[in-house]
Amino acid sequence: MNLRFTKMQGAGNDFVVLDATRTPLNLSAEQMRRLGDRRFGVGADQILLVTRSDTPGVDFGYRIFNHSGEEVEHCGNGARCFVRYVHEQGLSDKTTLRVETLNNLLELHLQPDGGVRVDMNAPVFELPRVPFDATGLRPHPVPFESAGKAGDHGAGTAFDLWPLHIQGLTVPVAVLSMGNPHAVQLVDDVDAAPVEVQGPLIEHHPRFPNRVNAGFMQVVARDHIRLRVYERGAGETLACGTGACAAVVAGIRLGLLDAVVSVDARGGRLTIEWQGARDGLASHVFMTGPAETVFQGEIEL
């Protein structure tokens, strides 16, 4: 079959985007892997499908596949590319779209300057919902008041760091979900962080039955972090939207960050906002960043 595609990127996180609104696409895992292959296909971190939705009040379905062929729950950078694609292809002229993923509803806002703001929904802290198996582990609880502005950061509500045992080391991680699972650790220098060594070990750690995205966060200032993420099923990418959200939320709950934070990934900058310390832990996370079309083409699969 000949397949039309659009190559897009958001902060260096790159995607093959496919229109399945007119004709349903049922691609095999092998075909997904071919699309994602950087030598024998188009090349991408993920493949995104724009589909129809029969849910009232929802504009489109949003399906996400890793370049390994497996379907995953969420991709924040992909969501920004999604709304740009829909506009550029004439599928909708709305500047605000509601889309449904495998397990969530997202609201996407196309801004006048071409940037995209995404309502990433509320973070999930309940361990069974991440999911994370804490059986037999003793966490290290960190109260908000342990770092600086106690009155501004929900004093009295502790956030647990969980010890992961990896190759003889104990690595404390913050565990949460942004619609997909994340384990975030603090590092002094993100450039020197052992991402390629620890990343796959954390991703496949038996404490995470669905595997996990491994984040390495360096706090530069209360409104600025640097971040690298070893993504589940994709390896290290140039940026990870849900990973940026998870890192900022963890940093806020640890008392290290303010409500609006610039996140520098290797592929570019994202802005993450979470008012959870002021408005409660069920507050939604908002992500703003770029989304660009790289090229369009056709491939025989």
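Here the structure is a predicted model, which is why all the values come from computation and not from measurement.

Peer 1: Please clarify how the nonpolar core should be interpreted in this entry.
Peer 2: In a soluble, globular protein the nonpolar side chains are often hidden away together inside. If you look at the biggest cluster of nonpolar residues, it comprises 59 residues, and the most contacted ones within it are Tyr-62 and Ile-272. If we ignore the near neighbours within four places in the chain, the residues touching Tyr-62 are Leu-48, Leu-49, Thr-51, Cys-75, Gly-78, Ala-79, Phe-82, Val-99, Glu-100, Thr-101, Leu-102 and Leu-106. Residues Leu-127, Val-130, Val-173 and Ala-214 belong to the second largest nonpolar core, which totals 22 residues.

Peer 1: Would you mind showing me how to read unusual backbone geometry here?
Peer 2: Leave glycine aside and you will find that most residues have negative phi; peptide bonds, for their part, are mostly trans. At the junction of Val-130 and Pro-131, the peptide bond is cis and its omega measures out at -5 degrees in the coordinates. Within the element layout of this structure, Pro-131 appears in the loop between strand 8 (116-119) and strand 9 (140-143). Here Gln-167, not a glycine, exhibits a phi torsion of approximately 45 degrees, which is positive. Looking at the element boundaries, Gln-167 is found in the loop between strand 10 (158-166) and strand 11 (169-177).

Peer 1: Hey, could you run me through the pattern of salt bridges in this one?
Peer 2: Opposite charge on two side chains makes pairing possible when the charged atoms of those side chains draw close. Considering all chains together, one arrives at 19 salt bridges under this definition. Salt-bridge contacts for Asp-59 lead to Lys-94; the nearest nitrogen and oxygen are separated by 2.6 Å. Of this pair, Asp-59 sits in the loop between strand 3 (46-51) and strand 4 (60-66) while Lys-94 sits in the loop between helix 2 (76-88) and strand 6 (96-100), and the two are 35 residues apart along the sequence. For Asp-59, a relative accessible area of 22% translates into the label partly exposed.

Peer 1: What am I meant to see in the packing of aromatic side chains here?
Peer 2: Counted by the stated rule, this structure contains 7 aromatic pairs. Judged by centre distance (6.2 Å) and plane angle (70 degrees), the ring pair of Phe-60 and Phe-82 falls under edge-to-face. Of this pair, Phe-60 sits in strand 4 while Phe-82 sits in helix 2, and the two are 22 residues apart along the sequence. Within the aromatic cluster, the residues linked to one another by ring pairs are Phe-60, Tyr-62 and Phe-82.

Peer 1: Please clarify how the environment of Asp-37 should be interpreted in this entry.
Peer 2: Along the polypeptide, Asp-37 turns up in the loop between helix 1 (29-36) and strand 3. For Asp-37, a relative accessible area of 28% corresponds to the partly exposed category. Excluding its chain neighbours within four sequence positions, the residues that come into contact with Asp-37 are Val-42 and Gly-43.

Peer 1: Can you help me understand the side chain of Gln-275 in this one?
Peer 2: Note that Gln-275 resides in the loop between strand 17 (268-274) and helix 5 (276-279). Look past the residues within four positions of Gln-275 in its chain and what remains in contact with it is Ala-259, Gly-280 and Ser-283.

Peer 1: When you look at helix 1 in this model, what are you seeing that I'm missing?
Peer 2: For helix 1, the set of buried residues is Gln-31, Met-32, Leu-35 and Gly-36. One face of helix 1 carries all of its buried residues, which in axial projection span an arc of 135 degrees. Among the structural elements, strand 1 (2-10), strand 2 (13-20), strand 3, strand 4 and strand 19 (292-300) are those in contact with the buried residues of helix 1.

Peer 1: Looking at this structure, I do not really get the pairing of strand 12 (residues 181-186). What am I missing?
Peer 2: Strand residues, when the strand is regular, have side chains that alternate between the two faces of the sheet. With 5 of 6 residues buried, strand 12 lies mostly within the body of the structure. Across 4 bridges, the pairing between strand 11 and strand 12 is antiparallel. Within the sheet, the bridge partner assigned to Val-175 lies in strand 12 and is Ala-183. Hairpin connection, strand 11 to strand 12: the antiparallel pair is bridged by 3 residues, and Gly-179 has positive phi, about 95 degrees.

Peer 1: Any chance you could explain helix 4 (residues 241-253) here in plain terms?
Peer 2: Note: α-helices contain 3.6 residues per turn, so residues at a spacing of three or four share the same orientation. Helix length check: helix 4 (13 residues) gives 19 Å between terminal C-alpha atoms against 18 Å at 1.5 Å per residue, within 8%. The buried fraction of helix 4 is high, at 13 of 13 residues. Looking at the residues trailing helix 4, positive phi occurs at Gly-255, about 80 degrees.

Peer 1: Help me out: how do you make sense of the environment of Thr-21 in this one?
Peer 2: Looking at the secondary structure, you find Thr-21 in the loop between strand 2 and helix 1. Thr-21 gets classed as buried once you look at its relative accessible area, which sits at 9%. For Thr-21 and Phe-60, which are 39 residues apart along the polypeptide, the C-alpha to C-alpha distance reads 8.4 Å. Excluding anything up to four places from it in sequence, Thr-21 contacts Val-50, Thr-51, Arg-52, Phe-60 and Leu-91. Only 2.5 Å separates the side chain of Thr-21 from the side chain of Asp-19, close enough to count as a polar contact.

Conventions we followed
Each residue is numbered by its place in its chain's sequence as written, counting from 1. Note on the predicted model: pLDDT of at least 70 is required for a residue's local features to be given, and 80 or more for side-chain atom pairs to be given and counted; whole-chain, interface and lining totals, by contrast, use all residues. Side-chain numbers here rest on the full set of heavy atoms in the structure, without hydrogens or water. Joining through side-chain atoms within 4.5 Å is the link that ties buried Ala, Val, Leu, Ile, Met, Phe, Trp, Tyr and Cys residues into a set, and such a set is a nonpolar core. Exposed residues in this analysis have more than 50% of their type's maximum accessible area, buried residues have under 20%, and partly exposed residues fall in between, with area computed by a 1.4 Å probe over protein chains only. Any two residues having at least one pair of non-hydrogen atoms within 4.5 Å are treated as being in contact. Helix and strand assignments come from DSSP, with helices taken as H or I runs of at least 4 residues and strands as E runs of at least 2, each series counted from the N terminus. Salt-bridge detection follows one rule: a side-chain nitrogen of Lys or Arg within 4 Å of a carboxyl oxygen of Asp or Glu. Two rings from Phe, Tyr or Trp (for Trp, the six-membered ring) form a pair when their centres sit within 6.5 Å of each other. Planes less than 30 degrees apart are called stacked, planes more than 60 degrees apart edge-to-face, and all others tilted. By construction, the arc corresponds to the directions joining the helix axis to the C-beta atoms. Two strands qualify as a pair provided that DSSP identifies no fewer than 2 bridges between them. The length a helix should cover is 1.5 Å for every residue beyond the first. The term polar contact refers here to a pair of N or O atoms within 3.5 Å; inside protein, the definition further demands a hydrogen-donor-capable atom paired with an acceptor-capable atom, and it admits residues adjacent in sequence only when both atoms are side-chain atoms.

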